[in-house]
Structure formats: structure tokens, C-alpha cells
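Residue-level structural notes
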Amino acid sequence: MVKRSRILGCGSYLPANVVTNRDLEARVDTSDDWIVQRTGIRSRHIAADGELTSDLAIAAATRALEHAGVDAASIDCIVLATTTPDNTFPATATKVQAALGAKGFALDIQAVCAGFVYAMSIADNFIRLGQATRALVIGAETFSRLLDWKDRTTCVLFGDGAGAVVMEGYDAAGTAADRGVLSTHLHSDGAQYGLLYVDGGPSATGTAGHVRMNGQEVFRHAVSKLSSVVEEALAANGLEPAAVDWLVPHQANQRIIDGIARKLKLPTDKVVLTVDRHGNTSAASIPLALCEAVHDGRVKRGDLILMEAIGGGLTWGAAMVRW
Ligand code: UT7
């Protein structure tokens with residue numbers, strides 16, 4: 001017998017305001033054709049003025065609690081992955097905790113686009129060690145606030161949103177047939193810090209700064225590092241790629257996602273795609289995609305889900321989860 005964390009339910013939230021590629025043509029020298037061909041993105045949601053990361057997180061978490069059928073007061077741990085906290089401190093997770101009426105402890109974690117996989121891994125470890133019994137894991141971003149709206153190489157890529165899951169510990173058999181988180185795999189390489197970063201921060205400039213990215217280099221790292229971490233996740237569980245029912249990838253670029261699916265020989269209908277309608281929502285992209293596939297009935301109890309993501313740092317990782 002081993003302690004594992006299973007997922008009881010999930011929820012998501014997208015701001016009402018949808019910005020299409022055509023809308024962006026009016027702001028920067030770009031085209032719908034270029035954005036669709038290079039990234040697969042057609043539109044993204046952008047938070048309204050005054051709509052904060054905590055608002056998105058609270059909405060997604062409330063829906064996740066409803067779907068799980070559990071009371072907020074039974075949550076004893078909140079791990080919120082975000083790059084765009086409401087304030088530099090305290091952790092946005094504490095605001096979410098108060099709004100929901102959750103107990104225990106709440107913290108933010110920062111791994112940019114790999115944030116949700118990191119957050120799930122952290123919560124899973126708390127649960128397996130007995131330091132938490134029922135956790136909310138949230139990815140929430142108002143990434144639009146970090147964009148330089150004059151820089152066409154970045155501002156067309158990102159969007160805002162939030163997704164959340166409720167995780168609970170249980171005594172499992174200890175095999176790959178168990179429900180819940182089977183394994184998580186985290187990596188970072190700080191030597192690549194300068195490939196994708198924000199040119200500000202409380203210590204460096206006293207400002208929030210704007211996203212700067214060497215897109216081609218990040219692309220190159222993404223394909224190789226994600227390929228290797230999905231192989232690592234499969235090997236750790238003694239599973240072949242054919243066992244994967246759903247690839248739920250970070251949604252940065254359709255070409256990167258297609259490359260990983262090809263490597264795994266997964267047909268496209270086994271890949272959950274939202275990049276066309278959400279763009280890159282950083283830490284929110286995996287739970288947003290997962291929720292969509294759960295709530296439209298694609299993901300069924302017992303299905304094997306492989307999640308993978310890479311972001312600034314560079315940070316990257318994968319999670320193997322049986323629904
Ligand atoms: O979530 C974190 C992880 N992030 C990623 O995974 C992102 C990884 N990188 C990428 O997805 C791609 O590198 C991008 C989508 C960012 C860029 O695609 P690319 O095929 O690598 O394009 P590029 O940077 O090589 O640019 C090609 C051309 C350039 O023009 P020249 O130098 O060939 O004349 C750019 O200036 O496209 C130009 N360009 C644009 N043109 C129209 C760059 N951005 C735009 C734009 N609209 N928005």
C-alpha cells in the first residue's frame with residue numbers, strides 16, 4: 001500500500017473579453033496568417049481592468065470545489081502557481097484561502113509556464129507525507145499585464161485564465177493501475193535564465209517589467225526537453241506511449257505540441273488542444289485544457305493522462321496521472 005493523491009474534481013475560469021488575431025493586427029505589425037501558421041493561436045482571453053489573478057483563481061477554485069463535491073473548509077493546503085501575483089507579497093494563495101474559507105496553509109509557487117506541474121508535484125508530496133489531506137492546486141495568470149504591447153514577438157502569444165483541481169490522499173495499491181498522481185518529474189536549468197524572462201522585478205528595478213523571449217532558442221529547448229521528460233515519466237511507471245489516453249500539454253505553440261505527439265505516436269484526437277482559443281496562459285494552460293476535456297466528457301474515470309510543460313528558468317516537468 002502507498003499513499004497517493006487522486007483528483008476529485010476540476011474547474012476553470014476565462015475572462016469574458018476575447019481578443020482575436022485580427023484585433024491585434026490593429027495594435028502591432030502582425031497578421032492572422034503569421035500567428036496561426038507559427039503558433040496555432042487564433043484568439044485569447046484578456047482580463048478586464050481591475051480583474052486580478054486572485055479573482056480568476058477564486059472563480060476556478062470555486063468551480064473545482066463544486067465539481068469535486070467538497071466543502072472549502074475541508075481544504076487544508078492551497079498551492080497556487082502564478083507568475084502574475086496580485087501583489088509582490090503576500091502570496092495570492094492566501095487571498096484565495098480567505099475568499100473560499102479554506103483552512104491549513106496556502107502558498108504561491110513560481111515556475112512560470114511549468115508552474116502547474118510544479119504545483120501539482122508539491123501538493124502531491126505534502127499529501128503523501130501526511131502534511132495535507134485535501135489540497136487545491138491552482139494555475140492562475142493575468143499574463144497580459146506583463147506584456148509589452150509594442151513587441152509583436154511576444155504580445156500575440158499569451159492570454160489570461162485560471163484552472164484548478166482538488167486533490168485528496170488515499171491508500172493505493174502502488175501500481176500504475178492506481179488512480180491519481182502516479183509520478184511527477186521536475187527539472188530546471190538556470191543557465192538558460194536569459195532565454196525567457198521579465199526585465200523587471202522588486203529587487204532589480206522596483207517595477208513588474210515586461211516579457212522578453214528568444215523564441216527560437218526556447219522552441220529548440222522545448223522540443224528536446226519535453227521529449228526527454230515524457231520518456232522519463234513513461235519509464236518511471238513502466239508504461240509504453242500507447243498506454244497514454246490523453247496528452248494534456250502546456251499550450252504554448254501547436255507546433256511544439258504536434259512534435260511531442262508525433263514522438264509518442266499519439267493520434268491527434270488523443271491530444272487536448274486549447275492553444276487556438278486560449279493562447280499561452282502560462283501556469284493556467286494545463287488545468288484549463290484538462291478541465292475542458294473532463295467537462296466535455298472526453299476524459300473518463302481510469303484514463304491515463306500525461307501532462308508536460310516548459311517555461312522560463314528554464315523550468316520543465318511532467319506528471320503522469322490516472323483520472
Ligand atoms: O510557454 C513558455 C515556452 N514558450 C515557448 O514555448 C515559445 C517557443 N517559441 C515559439 O513558439 C516560436 O519561436 C515563436 C512563435 C515565438 C516564433 O516563431 P518562429 O517560427 O520561431 O519565428 P521567428 O522568431 O524565427 O521569426 C520569424 C520572422 C521574423 O522576421 P524576419 O527576421 O524573418 O524578417 C520575425 O521578426 O517572423 C517575424 N515575427 C513576426 N511577424 C509577424 C515575429 N513575430 C511576429 C508577429 N507577426 N507577431
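Here the residue numbers are simple positions, counted from 1 along each chain's written sequence. Local features in a predicted model are, by the rule used here, given only for residues with pLDDT of at least 70; side-chain atom pairs are given and counted only at 80 or more, and totals for whole chains, interfaces and linings are based on all residues. Only hydrogens and water are removed before side-chain values are computed, so all heavy atoms of the structure are retained for them.

Okay, the overall build of the chain next. Scanning the chain from N- to C-terminus turns up 10 helices and 13 strands. Against the compact-globule benchmark of 20 Å for 323 residues, the chain has a radius of gyration of 18 Å, which places it among compact chains. Across its three principal directions, the C-alpha atoms of the chain cover 60 × 45 × 40 Å. Between buried and exposed lies partly exposed: a residue is buried under 20% and exposed over 50% of the maximum accessible area for its type, with that area taken using a 1.4 Å probe on protein chains only. Counting over 323 residues, the chain shows a buried share of 57%. Considering only intrachain contacts with a sequence separation of at least 6, the fraction spanning at least 24 residues in the chain is 75%. Taken as a whole, the chain presents about 13000 Å² of accessible surface, with 51% of it coming from carbon and sulfur. Here the chain carries 30 positive and 35 negative side-chain charges, and the mean point of each set is 3 Å from the other. The numbering of helices and of strands both runs from the N terminus, where a helix is a DSSP run of H or I of at least 4 residues and a strand a run of E of at least 2. Here the globule rule is a power law, 2.2 Å times the number of residues to the power 0.38, and the radius of gyration is based on C-alpha atoms. Should any heavy atoms of two residues lie within 4.5 Å, those residues are considered in contact. Residue exposure ignores everything except the shown protein chains as possible cover, and the areas themselves are Shrake-Rupley values with a 1.4 Å probe. Residues scored as positive are Lys and Arg, those scored as negative are Asp and Glu, and His as well as the terminal groups of each chain are ignored. Charge coordinates come from a single atom per side chain, which is NZ of Lys, CZ of Arg, CG of Asp or CD of Glu.

Per the domain assignment, the segments of the chain are domain 1 (2-172) and domain 2 (180-322). Domains are outlined according to an automatic or database domain assignment. Computed over C-alpha atoms, the centres of domain 1 and domain 2 are 14 Å apart. In this assembly, 52 residues from domain 1 lie in contact with 48 residues from domain 2. The term buried area means the drop in 1.4 Å probe accessible area that two parts suffer when joined, counted for both and summed. Carbon and sulfur atoms supply 66% of the area that domain 1 and domain 2 bury against each other, a total of about 3800 Å² over both sides. The largest per-residue losses of area from domain 1 upon contact with domain 2 belong to C113, V117 and Y118, which jointly make up 16% of the total buried on that side. Any Lys or Arg side-chain nitrogen located within 4 Å of an Asp or Glu carboxyl oxygen qualifies as a salt bridge. Counting across the interface, domain 1 meets domain 2 through two salt bridges. A salt bridge links D148 to R212, with the shortest nitrogen-to-oxygen separation between them at 3.1 Å. Polar contacts, as used here, are pairs of N or O atoms within 3.5 Å; protein pairs need one atom able to donate a hydrogen and one able to accept it. Residues neighboring in sequence count only if both atoms are side-chain atoms. The tally of links from domain 1 across to domain 2 stands at 17 residue pairs in polar contact (both at pLDDT 80 or more). Broken down by secondary-structure element, the contributors of at least two residues to the side of domain 1 that touches domain 2 are strand 1 (2-13), helix 2 (32-39), strand 3 (43-45), helix 5 (115-128), strand 6 (134-141) and strand 7 (161-172). Of all the elements, strand 1 adds the most residues to the side of domain 1 that touches domain 2, at eight residues. Classes in brief: Ala, Val, Leu, Ile, Met, Phe, Trp, Tyr, Cys and Pro nonpolar; Asp, Glu, Lys and Arg charged; the others, Gly included, polar. Residues belonging to the side of domain 1 that touches domain 2 are distributed by class as follows: 24 nonpolar, 18 polar and 10 charged.

Let us now look at the sheet that holds strand 7. Two orientations exist for strands paired in a sheet by backbone hydrogen bonds: parallel and antiparallel. When DSSP finds at least two bridges between two strands, those strands are taken to pair. Strand order in the open sheet formed by five strands is 1-7-6-4-5, and the pairing between neighbours is mixed. Pairing within the sheet leaves two strands with one partner each, and these edge strands are strand 1 and strand 5 (105-109). Taking the axes of each pair of neighbouring strands and ignoring which way they run, one obtains an average angle of 20° across the sheet. In this structure, strand 1 lies alongside strand 7, joined through 11 bridges in antiparallel fashion. In the sheet register, G9 faces strand 7, and the bridge partner there is V166. All axes are obtained by fitting lines to C-alpha atoms, using only the stretch in contact for helices, and the reported angles, taken between N-to-C directions, cover 0 to 180 degrees. Against the sheet, helix 3 (residues 53-68) engages strand 1, strand 4 (77-81), strand 6 and strand 7, with an angle of about 120° to strand 1.

Here we take up the packing of aromatic side chains. In this scheme Phe, Tyr and Trp rings, the latter by its six-membered ring, pair at centre separations within 6.5 Å, and the angle between planes marks the pair as stacked below 30 degrees, edge-to-face above 60, and tilted otherwise. Throughout the structure, instances matching the rule amount to two aromatic pairs. For a ring to carry a charge above it, either NZ of a lysine or CZ of an arginine must fall within 6 Å of the ring centroid while also lying within 35 degrees of the normal to the ring plane. The lysine or arginine in question, R6, covers the ring of Y170, its NZ or CZ lying 4.3 Å from the ring centre. Lying over the aromatic face of W316, K225 brings its terminal NZ or CZ to 5.1 Å of the ring centre.

Our focus in this paragraph is the pattern of salt bridges. Under the criterion given, the structure shown has 16 salt bridges. Linking K3 and D171 is a salt bridge whose minimum nitrogen-to-oxygen distance equals 3.9 Å. With a gap of 168 residues between them, K3 in strand 1 and D171 in strand 7 connect regions that are remote in the sequence. Using a relative accessible area of 37% as the deciding quantity, one classes K3 as partly exposed. A relative accessible area of 49% places D171 in the partly exposed class. For the salt bridge of E25 with R22, the shortest nitrogen-to-oxygen distance reads 2.9 Å.

Before going further, it helps to examine the sheet that holds strand 11 (residues 246-249). Spatially, four strands are ordered 8-13-12-11 in an open sheet, and the strand pairing comes out mixed. If you trace the sheet from one side to the other, it starts and ends with strand 8 (180-188) and strand 11, each paired once. Taken pair by pair, the neighbouring strands of this sheet meet at an average axis angle of 15°, ignoring direction. Judged from the eight bridges that link them, strand 8 and strand 13 (residues 315-322) form a sheet pairing that is antiparallel. Directly across from S183, in strand 13, lies its bridge partner M320. Sitting on the sheet, helix 7 (residues 215-236) is in contact with strand 8, strand 12 (304-311) and strand 13, with an inclination near 145° to strand 12.

Turning our attention to the packing of helix 7 against helix 8 (residues 254-264). Two elements in contact, helix 7 and helix 8, have axes whose closest approach is 10 Å; the angle formed by their N-to-C orientations is 35°. For the pair helix 7 and helix 8, the sense of crossing is right-handed. Between helix 7 and helix 8, the contacting residues are F219, A222, V223, L226, S227, V230 and L234 on the first element and R255, I256, I260, K263 and L264 on the second. A class-by-class count of the residues in the contact of helix 7 with helix 8 yields nine nonpolar, one polar and two charged. Two helices that cross are described as forming a left-handed crossing if the nearer one is turned anticlockwise from the farther one by less than a right angle, and a right-handed crossing if clockwise.

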